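# What the coordinates show
Residues per chain, in single letters:
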Amino acid sequence: MLARKSIIPEEFALPGLVSRMPRKPVFRDRVNKARFIAKNGSCNLAHKNIREQGRFLQDVFTTLVDLKWRFTLVIFTTTFVSSWLLFAMSWWLVAFAHGDLDPERHNLSHCVTDVKSFTSAFLFSIEVQVTIGFGGRMITEQCLAAIMVLILQNIVGLIINAIMLGCIFMKTAQSNRRAETLIFSRHAVIAVRNNRLCFMIRIGDLRKSMIIGATVRLQVVRKTTTPEGELIPIHQIDVQTESTVASTSLFLLAPLIICHVIDKNSPLYDLSAMELPCSDLEVIVILEGVVETTGITTQARTSYVSEEIQWGHRFVPIVTEEEGVYSVDYSKFGNTVKVSTPNCSARELDEKPYILIHTLQKSELSHQNSLRKRNSMRRNNSMRKGAGSSGSLRRNNSGLILPKVQFFTPTEGGQNPNAVT
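The structure contained in this document is the topic of the report that follows.

Definitions and limits used
- Residues numbered from 1 in each chain as written.
- Predicted model: local features only at pLDDT ≥ 70, side-chain atom pairs only at ≥ 80, totals over all residues.
- Heavy atoms only, no water.
- Disulfide = S-S within 2.5 Å.
- Helix = DSSP H or I, 4+ residues; strand = E, 2+ residues; numbered from the N terminus.
- Buried < 20%, exposed > 50% of the residue type's maximum accessible area, 1.4 Å probe, protein only.
- Expected span 1.5 Å × (residues − 1).
- Contact = heavy atoms within 4.5 Å.
- Phe/Tyr/Trp six-rings, centres within 6.5 Å; stacked < 30°, edge-to-face > 60°.
- Lys NZ or Arg CZ within 6 Å of the ring centre and 35° of its normal.
- Core = buried A, V, L, I, M, F, W, Y, C linked by side-chain atoms within 4.5 Å.

### Examining the state of the cysteines
- Here the structure, examined in full by the defined rule, presents one disulfide.
- The disulfide partner of Cys111 is Cys143, and the gap between their sulfur atoms is 1.5 Å. On the sign convention where negative means left-handed, the S-S torsion of about -55° between Cys111 and Cys143 marks this disulfide as left-handed. Here Cys111 is found in the loop between helix 4 (69–98) and helix 5 (118–130), whereas its partner Cys143 is found in the loop between helix 5 and helix 6 (144–172), with 32 residues between them in sequence. Per residue, the accessibility class of Cys111 equals that of Cys143, and both read buried.
- There is no disulfide at Cys259, and the cysteine sulfur nearest it, in Cys198, is 3.5 Å away.

### Observations regarding helix 4
- When the terminal C-alpha atoms of helix 4 are compared, their 44 Å separation across 30 residues agrees well with the 44 Å that a helix rising 1.5 Å per residue should span.
- Those residues of helix 4 hidden inside the fold are in contact with helix 3 (60–66), helix 5 and helix 6.
- Directly after helix 4, the chain includes Gly99, whose backbone phi takes a positive value near 85°.

### Observations concerning the environment of Thr297
- As for its position among the elements, Thr297 is in strand 8 (residues 297–305).
- Counting along the chain gives 85 residues from Thr297 to Ile212, while the straight-line C-alpha distance between them is 9.3 Å.

### A few points about the packing of aromatic side chains
- For the structure shown, the criterion picks out four aromatic pairs.
- A centroid spacing of 6.1 Å and a plane angle of 25° characterise the contact between Tyr330 and Phe333, whose relative ring orientation is stacked.
- Residue Tyr330 is classed as partly exposed on the basis of its relative accessible area, which comes to 32%.
- Classification of Phe333 as buried rests on a relative accessible area of 6%.
- Its guanidinium or amino end placed over the ring of Trp69, Lys171 lies 5.0 Å from that ring's centre, counting from NZ or CZ.

### Examining the nonpolar core
- Counting residues in hydrophobic clusters, the biggest one holds 38 residues, and the most contacted among them are Leu197, Phe199, Ile201, Ile203, Val216, Leu287 and Ile309.
- Those elements giving two or more residues to this core turn out to be strand 1 (182–184), strand 2 (188–193), strand 3 (196–205), strand 4 (211–225), strand 7 (282–291), strand 8, strand 9 (309–311) and helix 9 (346–351).
- If one sorts the elements of this core by residue count, strand 4 sits on top with five residues.
- Contact partners of Phe199, with chain neighbours within four places excluded, come to Ala188, Val189, Ile190, Leu218, Ile258, Cys259, His260, Ile262, Leu268, Val283 and Ile309.
- Residues Cys111, Val115, Ala121 and Phe124 belong to the second largest nonpolar core, which totals 13 residues.

Structural measurements only, silent on function.
Next comes the structure, spelled out in structure tokens:
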């Protein structure tokens, strides 16, 4: 038996109406979570419960470079003093075995001249390793053991000096030192650019030496849950920029605005102005390149959380031409200005293009009104200036007006004054 067809059309039924109702944004209180990358580029990550600590000793050089300066200096000082003491003990043993420390021994050959105690042996060890050579103590050809100790100490001293100089050079020429002069804007902005909703930041280089082959990568870090129920606390999603789409490096001669078009492949596609404050996203910016002067690859990092993203703002221009030279005003590097921007997400803009058209029309009308107000204010000011100048002329000409003169004529009943001007 066939089912009876409903009298009410399906599109006007309750399920159809619910499916066609506009989706309301879901608001939730944003939990104050720790940011993954700090503003200065340091990683906010703590390594705990590392059981295989010996792996760090397998790469001693990198471990020494990564240490702080105070620990590095303490380690090198301890290494030098220990090597001097160790070879001082060796020289003292050589002298003791050869009988050079016997005070009753005279006019006999010594392995090392003027080594009579451990203190003199320690001073001779320092002279050999540092190659000072004061001339009072010297080795002779009488002892083969003394010659072998001399060769061994020279080799060990050269190794220690090479490691120390290499570590000091690497610590002073680290890539993060160059990254101190690579700056990012304090805030990121979201506004309409070329009729598309875009996420934009500004980067700049304070030095005149350029970064060769500079590239910028954007990543969105957020906590996500897969359809299988797996919780990913730090899910890194790559974000495409205009430079990555063009597959070209940046010519970072002047400050640039890095633009990310929020399209259907963007993780910010469903984000609106009302949902931005309560979202837990973090946008990481990574700038990489080769230092022109040293040839070392450097990397600068920063991040932007939802509180540092301004919706409906645009960066003010800071590059001007003055007397044939382009000038950059870094005092306005992070300044933004508010512009007309739809508060809906990029998905809603794609589904309803008329929202963007209405917003642009309102922006044009407001711009025209502002121009009219400026023109009217200029006219009023000019009129006031003209009125003030005419008033001053009147005041100045008032002194040229002749005073009134009264003439008295006699009458019958007496003398009545009649004023004639």
